[in-house]
Amino acid sequence: MSKERARRRALLEAERAERMRRAERKRQRRAAVRRLVPKVKVGRTGKLFARRSRAQRSVIATLVVVALALVWLLIDSVAARIGISALIIVATPALTVLVLDRRI
């Protein structure tokens, strides 16, 4: 009876050792992959206009306000005023990215 228990215990310990070896290999593979993958944070920073400095944001806002003021002062048709104002507001983010995010 004790020989049978000893044999079962040895078998269980061998299985446990094999599982531990597999887990260790898996952990080492994951660590190797983690070392190869660059640690670049992708996604949002959580701030609105996070890429722009305070000066850039103020210049953008000033230019938009000046453009809207010129539209409302120089154009007579109310429909044209509303249309051009909407176009300015919609196009501002795209133009900002095109103008300020260039990598030369």
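From a predicted model like this one, the values you see are computed outputs, not experimental measurements. (Residues numbered from 1 in each chain as written. Predicted model: local features only at pLDDT ≥ 70, side-chain atom pairs only at ≥ 80, totals over all residues. Heavy atoms only, no water.)

**Side note on the overall build of the protein chain**
Next up, step 1: Summing up its helical and strand segments, the protein chain has three helices and zero strands in all.
Next up, step 2: Taken from the N to the C terminus, the helices and strands of the protein chain come in the order α-α-α.
Next up, step 3: Within the span of the protein chain, comprising 104 residues, buried residues form 10% of the whole.
Next up, step 4: When the accessible area of the protein chain is evaluated, it comes to approximately 9800 Å², of which 64% is carbon and sulfur surface. (Helix = DSSP H or I, 4+ residues; strand = E, 2+ residues; numbered from the N terminus. Buried < 20%, exposed > 50% of the residue type's maximum accessible area, 1.4 Å probe, protein only. Areas by Shrake-Rupley, 256 points an atom, 1.4 Å probe, with all protein chains shown as cover.)

**Brief notes about the pattern of salt bridges**
Next up, step 1: Going through the model one piece at a time under the given rule, you end up with five salt bridges.
Next up, step 2: A salt bridge links Glu-4 to Arg-7; its shortest N-O distance comes to 2.5 Å. Here the residue Glu-4 and the residue Arg-7 both occupy positions in helix H1 (residues 2–36), the gap between them amounting to three residues, near one helical turn.
Next up, step 3: Members of the salt-bridge network, linked through shared partners, are Glu-4, Arg-7 and Arg-8. (Salt bridge = Lys/Arg side-chain N within 4 Å of Asp/Glu carboxyl O.)

**Things to note about the UniProt feature "transmembrane region" (unreviewed entry) in the protein chain**
Next up, step 1: Annotation from UniProt places "transmembrane region" (unreviewed entry) at residues 58–75 and 81–100.
Next up, step 2: For residues 58–75, the helix share is 94%, the strand share is 0%, and the end-to-end C-alpha distance is 25 Å.
Next up, step 3: As annotated, residues 81–100 has a helix share of 100% and a strand share of 0%, and its two end C-alpha atoms lie 27 Å apart. (UniProt positions renumbered as here; feature names shortened; annotations may be inferred.)

**Things to note about the side chain of Thr-92**
Next up, step 1: With respect to the helices and strands, Thr-92 occurs in helix H3 (residues 78–100).
Next up, step 2: If near-sequence neighbours (up to four positions away) are discounted, Thr-92 is found in contact with Ile-60 and Val-64. (Contact = heavy atoms within 4.5 Å.)

**A word on the side chain of Arg-81**
Next up, step 1: Relative to the assigned elements, Arg-81 resides in helix H3.
Next up, step 2: Buried charge Arg-81 goes without a salt bridge, the closest partner of opposite sign being Asp-76 at 5.0 Å.
Next up, step 3: Among all residues touching Arg-81, those that are not within four sequence positions of it are Val-71, Trp-72, Ile-75 and Asp-76. (Lys, Arg positive; Asp, Glu negative; His and termini not counted.)

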